[in-house]
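The lines below spell out each chain.
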Amino acid sequence: MNKNKVKDIYLAGGCFWGTEHFFKQVEGVVDTEVGFANGHTDNPTYKEVYTDETGYAETVHVRYNPDVASLEFILRMFFKAIDPISLNKQGHDEGTRYRTGVYYVDEEDLPVIDKVFAEEQQNHGQPLVVEKLPLKNYYSAEDYHQDYLDKNPSGYCHLPLSLFEFARNAKENKQLDR
């Protein structure tokens, strides 16, 4: 695959184990990595992030082929996997490390991000609490967190199993209705 065809977006969707596993199912996603984004310390460990004192959000670095899955499609999928009006909480997981966010590295992506956010806002009677910010910093999580649900199929996940099947079957040209 042409490396120039791969784009990056960083998505915080609660516990990164489930968010990563969800995006690994999406056609056009070529790589995922879990880590920590937009905090205020250097080289944080999971144990440090877990205290909610580092400012980091559990985040998935999603690398995708825009010829197969557009950023708009990736973001629509993201909104299917989160509760965008729940502040610092997804499923049973609570704390600022579980906040939701879209962290971009390419300023040219902002119009698409703004469009999807505006359309998603129409589906809710209260304001979205999903961060929409440039990526300030990102650190990869420890190896045992990478591909966690592949290594631990019965491991904890805040997302319902049906969502993974939905992601496997979703295609850019199909409607994203569940």
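Remember, it's a predicted structure, so these values are computed and weren't measured experimentally.

Trainee: Explanation requested: the side chain of histidine 145 in the structure shown.
Mentor: Position of histidine 145 relative to the elements: it lies in the loop between strand S8 (138-140) and helix H5 (148-151). Every residue in contact with histidine 145, bar those within four places of it in the chain, is listed here: Phe16, Trp17, Glu20, Val34 and Tyr46.

Trainee: Any chance you could explain the side chain of histidine 21 here in plain terms?
Mentor: Positionally, histidine 21 belongs in helix H1 (residues 16-24). Once residues lying within four places of it in the same chain are set aside, the contact partners of histidine 21 are Leu149, Asp150 and Phe164.

Trainee: Got a minute to help me understand the pairing of strand S3 (residues 57-64) in this structure?
Mentor: Regular strands have side chains that alternate between both faces of the sheet. By the criterion of burial, S3 is predominantly enclosed, with 7 of the 8 residues buried. One ladder, built from 5 bridges, connects strand S1 (residues 7-13) with S3; its direction is antiparallel. Looking at S3, one finds that tyrosine 10 is bridged to histidine 61. Bridge count for strand S2 (residues 29-37) against S3 is 8 bridges, and the pairing is antiparallel. For phenylalanine 36, the partnering residue across the bridge sits in S3 and is glutamate 58.

Trainee: Quick question: what am I supposed to make of the nonpolar core here?
Mentor: Within soluble globular proteins, side chains that are nonpolar generally end up buried alongside one another. Ile9 and Phe23 are the most contacted members of the largest nonpolar core, which totals 45 residues. Non-local contacts of phenylalanine 23, meaning those with residues more than four positions away in its chain, are made with Leu11, Val29, Thr32, Val62, Ile74, Met77 and Phe78. Residues Ala12, Ala37, Ala57 and Tyr138 belong to the second largest nonpolar core, which totals 6 residues.

Trainee: Would you mind going over the sheet that holds strand S7 (residues 131-134) with me for this structure?
Mentor: As a general point, the strands of a sheet are linked pairwise by backbone hydrogen bonds and lie either parallel or antiparallel. Ordered by their spatial adjacency, 6 strands build an open sheet running S7-S6-S1-S3-S2-S8, and the pairing between neighbours is mixed. Bordering the open sheet on either side are S7 and S8, each of which pairs with just one other strand. Strand-to-strand twist of the sheet, defined as the mean angle between neighbouring strand axes without regard to direction, takes the value 35°. Sheet strands touched by H1: S1, S2 and S3. Its angle to S2, the strand with the most contacts, is close to 165°. Most of the contacts of helix H4 (residues 110-121) go to S7, to which it runs at about 175°, and overall it touches S1, strand S6 (100-104) and S7.

Trainee: I'm lost on H1 in this one. Help?
Mentor: It helps to recall that an α-helix has 3.6 residues per turn; residues three or four apart then point in one direction. The buried fraction of H1 is high, at 8 of 9 residues. The set of residues buried in H1 consists of Phe16, Trp17, Gly18, Thr19, Glu20, His21, Phe22 and Phe23.

Trainee: Would you mind showing me how to read the state of the cysteines here?
Mentor: Simply put, the disulfide is a covalent bond whose two ends are the sulfur atoms of two cysteines. Tallied over the entire structure, the rule returns 0 disulfides. The thiol sulfur of cysteine 15 is not disulfide-bonded, and the nearest other cysteine sulfur, from cysteine 157, lies at 6.7 Å.

Trainee: I would appreciate a short explanation of the packing of aromatic side chains in the present structure.
Mentor: Two aromatic rings are characterised by how far apart their centres lie and by the angle between their planes. Scanning the entire structure with this criterion turns up 9 aromatic pairs. Their ring planes at 75° and their centres at 6.0 Å tell us that tyrosine 56 and tyrosine 139 sit as a pair that is edge-to-face. Placement of the pair is tyrosine 56 in the loop between helix H2 (46-49) and S3 and tyrosine 139 in strand S8, with a sequence separation of 83 residues. Tyrosine 56 sits in the buried class, given a relative accessible area of 1%. For the ring pair phenylalanine 79 and phenylalanine 117, a centre distance of 5.3 Å and an interplane angle of 85° mean the geometry is edge-to-face. Placement of phenylalanine 79 in helix H3 (residues 71-80) and of phenylalanine 117 in helix H4 is noted, with a sequence separation of 38 residues between them. Residue classification places phenylalanine 79 among the buried residues on the basis of a relative accessible area of 6%. For phenylalanine 117, a relative accessible area of 8% translates into the label buried. In this structure an aromatic cluster arises from ring pairing among Phe16, Phe36, Tyr46 and Tyr50. For arginine 97, the ring lying beneath its charged end belongs to tyrosine 50, and the centroid distance is 3.8 Å. We note lysine 132 situated over the ring of phenylalanine 117; from NZ or CZ to the ring centre the distance is 4.9 Å.

Calculation rules
The residue numbers shown here count from 1 along each chain, following its written sequence. Totals for whole chains, interfaces and linings use every residue, but because this is a predicted model, local features are given only for residues with pLDDT of at least 70 and side-chain atom pairs only at 80 or more, for both listing and counting. Based on all heavy atoms of the structure, the side-chain values leave hydrogens and waters out of the count. Secondary structure is summarised from DSSP: a helix means a run of H or I of at least four residues, a strand means a run of E of at least two, and numbering begins at the N terminus for each. In this analysis, two residues are considered to be in contact whenever any of their non-hydrogen atoms come within 4.5 Å of each other. Partly exposed residues are those whose accessible area sits between 20% and 50% of the maximum for their type, while under 20% is buried and over 50% is exposed, using a 1.4 Å probe and protein chains only. Pairing between two strands requires that DSSP report at least two bridges joining them. Side-chain atoms within 4.5 Å are what join buried Ala, Val, Leu, Ile, Met, Phe, Trp, Tyr and Cys residues into a set we call a nonpolar core. To define axes, lines are fitted to C-alpha atoms, for helices over the stretch in contact only, and angles between the resulting N-to-C directions are given on a 0 to 180 degree scale. Cysteine sulfur atoms that come within 2.5 Å of each other are treated as a disulfide pair. Paired rings are identified among Phe, Tyr and Trp, the last through its six-membered ring, by centres lying within 6.5 Å, and are further divided according to the angle between planes into stacked (under 30 degrees), edge-to-face (over 60) and tilted (the rest). Consider the ring centre and the ring normal. A charge sits over the ring if Lys NZ or Arg CZ is within 6 Å of that centre and within 35 degrees of that normal.

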